[in-house]
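# Observations on the three-dimensional arrangement
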Amino acid sequence: GIGFSQDKWSKYAGPGHWNDADMLVVGNLGWYGDTRPTKLTPNEQYTHVSLWSMLASPLLLGCDLADLDDFTFSLITNTEVIEINQDPLGASASQIEKDGEKEIWIKEMEDGSKVVGLFNRSFFDSEMTVSWELLGISKKWKVRDVWRQKDLSESIEKFTTPVPRHGVVLLRLF
């Protein structure tokens, strides 16, 4: 809930004044051997890190780095996700559409690319579509899945994809 309430602060974020959405609760939480697994599902952890990265929020970890499992290690070391968070423009994402439990967020990048988060906050898998009209863009854009680090397609008008429950598809458009 904290991350999804940050839209109202996006206009104030930028270099030297970051919106801090609080600590990331991924992996084994706590320190010095007194840890417990996060209560977030893997889908929720992808959502958590995606949103914080789009918000340009500090990526403060609430887990013991000496006690990382493989999933958490891959989650916090994805170079493309970190690049989104650390973009020199420093823009924070804004929500541009909400349809029930489905939300679309956009973040402008210094190189002119766009980061789009398709967030499914419902308890059911769902298909989501983002149109170029909604994003305020035209022409052909290359669509890249940031978590999978894989180019998906080139599209002129829109992009449609399944999004898991409590999950995200994090895209970068070039």
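The sections below set out a description of the structure shown in this document.

### As for the packing of aromatic side chains
- Under the definition given, this model contains five aromatic pairs.
- When the centroid spacing of 5.3 Å and the interplanar angle of 90° are considered together, the rings of Phe-4 and Phe-119 count as edge-to-face. Remark: Phe-119 occurs in strand β5 (residues 114-120) and Phe-4 occurs in the segment before β1 (28-31); sequence separation between them is 115 residues.
- Measuring from centroid to centroid gives 4.8 Å for Tyr-46 and Trp-147, while their planes differ by 70°, and the two rings are edge-to-face. With Tyr-46 in helix α1 (residues 42-54) and Trp-147 in the loop between β7 (141-145) and β8 (150-155), this pair connects stretches of sequence that are 101 residues apart.
- Given the relative accessible area of 15%, Trp-147 is considered buried.
- Aromatic rings pair up to connect Phe-4, Trp-105 and Phe-119 into one cluster.

### What to know about the layout of surface pockets
- Estimated volume of the largest pocket: approximately 310 Å³.
- Split by residue class, the lining of the largest pocket holds seven nonpolar, six polar and two charged.
- A volume near 260 Å³ is recorded for the second largest pocket.
- Residue lining of the second largest pocket: 14 residues in total, with Tyr-46, Asp-145, Trp-147, Arg-148 and Val-168 positioned closest to the centre.
- Elements represented by at least two residues in the lining of the second largest pocket include exactly α1, β9 (158-163) and β10 (167-173).
- Of all the elements, β10 adds the most residues to the lining of the second largest pocket, at four residues.
- Of the residues that constitute the lining of the second largest pocket, the class distribution is seven nonpolar, five polar and two charged.

### Focus: the sheet that holds β10
- Overall, antiparallel pairing links the six strands, which are arranged β3-β4-β5-β10-β7-β8 in an open sheet. Either end of the sheet is taken by a strand with one partner, and the two such strands are β3 (94-99) and β8. If you compare each strand with its neighbour and ignore which way they point, the axes differ by 25° on average.
- Summarising the sheet, β5 and β10 pair through seven bridges and their orientation is antiparallel. Each bridged residue has a counterpart across the sheet, and for Val-115 the counterpart in β10 is Arg-172.

### Notes on the pairing of β5
- Buried residues dominate β5, accounting for seven of its seven residues.
- Here β5 shows a buried face lined by Lys-114, Val-116, Leu-118 and Asn-120 and a second buried face lined by Val-115, Gly-117 and Phe-119.
- Inspection of the sheet shows strand β4 (residues 102-108) paired to β5 by seven bridges, in the antiparallel sense. Note that in β5 the partner of Glu-103 across the bridge is Phe-119.
- Between β4 and β5, which follow one another and run antiparallel, lie five residues, and Gly-112 among them has a positive phi close to 90°.

Each value, and the rule that gives it
- Residues numbered from 1 in each chain as written.
- Predicted model: local features only at pLDDT ≥ 70, side-chain atom pairs only at ≥ 80, totals over all residues.
- Heavy atoms only, no water.
- Phe/Tyr/Trp six-rings, centres within 6.5 Å; stacked < 30°, edge-to-face > 60°.
- Helix = DSSP H or I, 4+ residues; strand = E, 2+ residues; numbered from the N terminus.
- Buried < 20%, exposed > 50% of the residue type's maximum accessible area, 1.4 Å probe, protein only.
- 1 Å grid on protein atoms, 1.4 Å probe; cavity = no way out; pocket = protein on both sides within 12 Å on 5 of 7 lines; lining within 4 Å.
- Points joined across faces, edges and corners; volume = space filled by probe spheres on them.
- Nonpolar A, V, L, I, M, F, W, Y, C, P; charged D, E, K, R; others polar.
- Pairing = 2+ DSSP bridges.
- Axes fitted to C-alpha atoms, helices over the stretch in contact; angles between N-to-C directions.

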